[in-house]
Amino acid sequence: MTAYAYVLWSERLQKRYIGSCRDLEIRIGEHNRGRQRFTKGGIPWVVIYKEEYSDYSSARKREIYLKTGQGRKYLDDILGH
């Protein structure tokens, strides 16, 4: 089953959010309907980066990496933020 590590951007908060999920469309909808406490104040969220994996465990590991200092630097380098 396909899974994703993803990065969202909120223009309102000028912040990004890093997550992982099995169904990206459903997950983005949940964020933009205010169903997640952390992202509720930043609606609308826009996908600015995603990586596809064959299993959720790999996507979750990548999410954890992207939240580290090295991972944030990687995202800054490729996204130009």
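(A) Spotlight on the side chain of glutamate 63. On the secondary structure map, glutamate 63 appears in helix H2 (residues 56-66). A relative accessible area of 6% means that glutamate 63 is categorised as buried. Once residues within four sequence positions are removed from consideration, glutamate 63 is found in contact with Ala5, Ile18, Gly19 and Ser20.

(B) Representation of helix H1 (residues 24-32) within the structure. Buried within H1 we find Leu24, Arg27, Ile28, Gly29 and His31. Buried residues along H1 sit against strand S1 (3-10), strand S2 (15-21) and strand S3 (45-53). Of the residues flanking the end of H1, it is glycine 34, one or two places downstream, whose phi is positive at about 75 degrees.

(C) A look at the packing of H2 against helix H3 (residues 69-79). Interhelical geometry of H2 versus H3 gives an angle of 85 degrees and a closest axis separation of 6 Å. Classified by the angle their axes make, H2 and H3 are roughly perpendicular. Here Arg62, Tyr65 and Leu66 of H2 come into contact with H3, specifically with Gln70, Gly71, Arg72, Tyr74 and Leu75. Looking at the contact of H2 with H3, its residues break down into four nonpolar, two polar and two charged.

(D) Representation of the packing of aromatic side chains in the model. As enumerated under the stated definition, the model contains four aromatic pairs in all. Measuring from centroid to centroid gives 5.7 Å for tyrosine 17 and phenylalanine 38, while their planes differ by 35 degrees, and the two rings are tilted. Highlighted residues: tyrosine 17 in strand S2 and phenylalanine 38 in the loop between H1 and S3, separated in sequence by 21 residues. Given a relative accessible area of 54%, phenylalanine 38 falls into the exposed group.

Conventions we followed
Residues numbered from 1 in each chain as written. Predicted model: local features only at pLDDT ≥ 70, side-chain atom pairs only at ≥ 80, totals over all residues. Heavy atoms only, no water. Helix = DSSP H or I, 4+ residues; strand = E, 2+ residues; numbered from the N terminus. Buried < 20%, exposed > 50% of the residue type's maximum accessible area, 1.4 Å probe, protein only. Contact = heavy atoms within 4.5 Å. Axes fitted to C-alpha atoms, helices over the stretch in contact; angles between N-to-C directions. Parallel < 35°, antiparallel > 145°, perpendicular 65-115°, else oblique. Nonpolar A, V, L, I, M, F, W, Y, C, P; charged D, E, K, R; others polar. Phe/Tyr/Trp six-rings, centres within 6.5 Å; stacked < 30°, edge-to-face > 60°.

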